[in-house]
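The primary structure of each chain is shown beneath.
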Amino acid sequence: MATQTDAGDQKLHAVPSAEDEAGQAYFDKIIAEDSRIEPADWMPEKYRKTLTRQMSQHAHSEIIGMQPEANWITRAPSLKRKAILMAKVQDEAGHGLYLYSATETLGTPRHVLNEQLMSGKAKYSSIFNYPANSWADMGAIGWLVDGAAIANQVPLCRASYGPYGRAMVRICKEESFHQRQGFEILLELANGTPAQKQMAQDAVNRFYAPALMMFGPTDTDSPNSQQSMAWNIKRFSNDELRSRFVGMIQEQVKVLGLTLPDDEIRYNEETGLWEHGELNWDEFYEVLAGRGPCNAQRMERRREAHENGAWVREAAAAYAAKKAQKAQVA
Amino acid sequence: MAQPVKPAPEETSALSDKQPWPLWEVFVRSSRGLSHVHAGSLHAPDAEMAVRNARDLYTRRNEGVSLWVVPASAIVASDPDAKGEFFESPKGKDYRHATYYTKSEGVKHL
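Novice: Let's hear about the overall build of chain B: which residues, and what values?
Specialist: Helices and strands together make up the secondary structure of chain B, namely two helices and three strands. Ordering the α and β elements of chain B from the N terminus gives α-β-β-α-β. The proportion of buried residues among the 110 residues of chain B is 26%. Put simply, of all contacts in chain B between residues at least 6 apart along the chain, 41% involve residues at least 24 apart. Surface summary for chain B: the accessible area is close to 7,800 Å², and the carbon and sulfur share equals 56%.

Novice: Got a sec to walk through the packing of aromatic side chains? Specific residues and values, please.
Specialist: All names here are of chain A. Using the criterion set out here, one finds 14 aromatic pairs over all chains in the structure. Relative to W231, the ring of Y47 lies with its centre 5.4 Å away and its plane at 85°, an arrangement referred to as edge-to-face. In this pair, Y47 is assigned in helix α3 (residues 45-64) and W231 in the loop between α10 (225-230) and α11 (238-256), connecting sequence segments 184 residues apart. No difference in accessibility class separates Y47 from W231, as the two residues are buried. Measuring from ring centre to ring centre gives 5.5 Å for F215 and F245, while their planes differ by 50°; the resulting arrangement is tilted. Within this pair, whereas F215 is found in the loop between α9 (194-213) and α10, its partner F245 is found in helix α11, the two being separated by 30 residues in sequence. This pair shows no difference in class: F215 is buried, exactly as F245 is. Within the aromatic cluster, the residues linked to one another by ring pairs are F27, W42, Y47 and W231.

Novice: Which residues make up the confidence of the model for chain B, and what values go with them?
Specialist: Residue and element names in this part refer to chain B. Across chain B, the average pLDDT comes to 83, with 83% of residues at or above 70. Mean pLDDT values over the elements of chain B span from 40, in helix α1 (residues 9-12), up to 98, in strand β3 (residues 66-71). Contacts of residues 5-17 to residues separated by more than four positions or lying in other chains number 14 contacts, the stretch itself having pLDDT below 50. The ipTM for the predicted assembly is 0.86, set against a pTM of 0.89.

Novice: Pulling in residues and values, what's your account of the pattern of salt bridges?
Specialist: Residue and element names in this part refer to chain A. Tallied over the entire structure, the rule returns 22 salt bridges over all chains. When the shortest N-O distance is used, the salt bridge between D239 and R242 registers 2.7 Å. Taken together, the residues span about one helical turn, with D239 and R242 both in helix α11 at a distance of three residues. Look at D239 and you get partly exposed, because its relative accessible area is 28%. For E304, the salt bridge identified is with R301, shortest N-O distance 2.5 Å. Residue E304 and its partner R301 are both found in helix α13 (residues 295-308); the two are separated by three residues, about one turn of the helix. What makes R301 partly exposed here is its relative accessible area of 40%.

Novice: Pulling in residues and values, what's your account of the packing of helix α4 (residues 66-73) of chain A against helix α5 (residues 79-104) of chain A?
Specialist: Residues and elements named next belong to chain A. At a minimum axis separation of 9 Å, α4 and α5 run at an interaxial angle of 155°. What the angle tells us is that α4 and α5 run roughly antiparallel. For the pair α4 and α5, the crossing hand works out as left-handed. Here M66, E69, A70, W72 and I73 of α4 come into contact with α5, specifically with K82, L85, M86, K88, V89, E92 and A93. Partitioning the contact of α4 with α5 into residue classes produces eight nonpolar, no polar and four charged.

Novice: Talk me through the sheet that holds strand β1 (residues 23-29) of chain B; I want residue IDs and the actual numbers.
Specialist: Residues and elements named next belong to chain B. Taken in spatial order, the three strands line up as β2-β1-β3 in an open sheet, and their pairing is antiparallel. Two strands lie at the open edges of the sheet, namely β2 (36-43) and β3, each paired on one side alone. In this sheet, adjacent strand axes meet at a mean angle of 25° when their direction is disregarded. Relative to β3, β1 runs antiparallel, the two sharing six bridges. Note on β3: the bridge partner recorded for W24 is P71. This element, helix α2 (residues 47-58), spans β1, β2 and β3 of the sheet and lies at about 110° to β2.

Cut-offs applied
- Residues numbered from 1 in each chain as written.
- Chains lettered and ligands numbered in written order.
- Predicted model: local features only at pLDDT ≥ 70, side-chain atom pairs only at ≥ 80, totals over all residues.
- Heavy atoms only, no water.
- Helix = DSSP H or I, 4+ residues; strand = E, 2+ residues; numbered from the N terminus.
- Buried < 20%, exposed > 50% of the residue type's maximum accessible area, 1.4 Å probe, protein only.
- Contact = heavy atoms within 4.5 Å.
- Areas by Shrake-Rupley, 256 points an atom, 1.4 Å probe, with all protein chains shown as cover.
- Phe/Tyr/Trp six-rings, centres within 6.5 Å; stacked < 30°, edge-to-face > 60°.
- pLDDT = per-residue confidence, 0-100.
- Salt bridge = Lys/Arg side-chain N within 4 Å of Asp/Glu carboxyl O.
- Axes fitted to C-alpha atoms, helices over the stretch in contact; angles between N-to-C directions.
- Parallel < 35°, antiparallel > 145°, perpendicular 65-115°, else oblique.
- Left-handed = near helix turned anticlockwise from the far one by under 90°.
- Nonpolar A, V, L, I, M, F, W, Y, C, P; charged D, E, K, R; others polar.
- Pairing = 2+ DSSP bridges.

The following block contains the structure:
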């Protein structure tokens, strides 16, 4: 049986072996049929690498994404809101774990992925490097950030790599609660006192542009997109998904009685696409490069949490070893 | 399904509590009368913790009434390289399906 490490050695061969050629042909056939690649299948080294990068970044984003919200659990305005927020943060941890499991099937063990996150070698979504300053931010994050995530993730349920698609199906089912609870936080604030309504509007103003940037650079600046689309990992371009999202939220914001901080939103009859104002891509690249408002804090918290949890992991492993030894003796 | 991940050589020589936890495959029975279906995988130090973690990870919304966890390393798979050949035999044996028998079409309760 071909193991994952064997597949990892393919790049060492200068000339493709007969096995590689047969593998490539089979891979191409599966992709052409829009079928699914499974872990034990032969796959091009670049496909494996692209997926490992994308899926682990996605997993890291879920894990780091716990922080802005966990920060509000103790200050949530009611017991109901605390319970909801805890459930949501727990879901994010779960989503991270589904995605780490799926990524592992490509051959990189979870502890290595985790090290890549903590050493700063791996990236995560830049959105989580923005602070959550007010309670209304919990609403804006749920509505806009989780909303953008859903718009991005629904097509990923059909990604050509089986384990990724399956993880995404599970995640998408759970995300819809996240978006709705956020929307309802904003709705309640928008119907509250003028100060509460202002707080909701401020949150929307701050999260609007960063949420749109979650879809990634414009199509002209996204060189890897084409290959990902040819491999059926990505189904729609960044700009297509962003446009679709703008169309959805410009309608939803009316229900809130709030406005989006963009007066250039319009539907282009010709292209059938929603258009929006220019985004500040310099800011996007700054945050991505680690110079966003919260990058340092997020990484520090992540490392701290990992170190503080060491004794739990060690104790669990020691207990398991002791029990296994006892069982052997008995 | 996740493949078992072997620890790198330098880790096997380290203390047991420094080793990555083994990988388990999780199967969930969604309700009585149905089979357990593969849901995903997770890492846990032992079987008991694997079951607890599986509950937290895969049944947060009443998705199951019963769980199985199996060490990923205990799963034996058919040879992925064999692809078609291994499953060749049933192909061309349409007579194993009811739809093969067309002459009796229209006969009631058959």
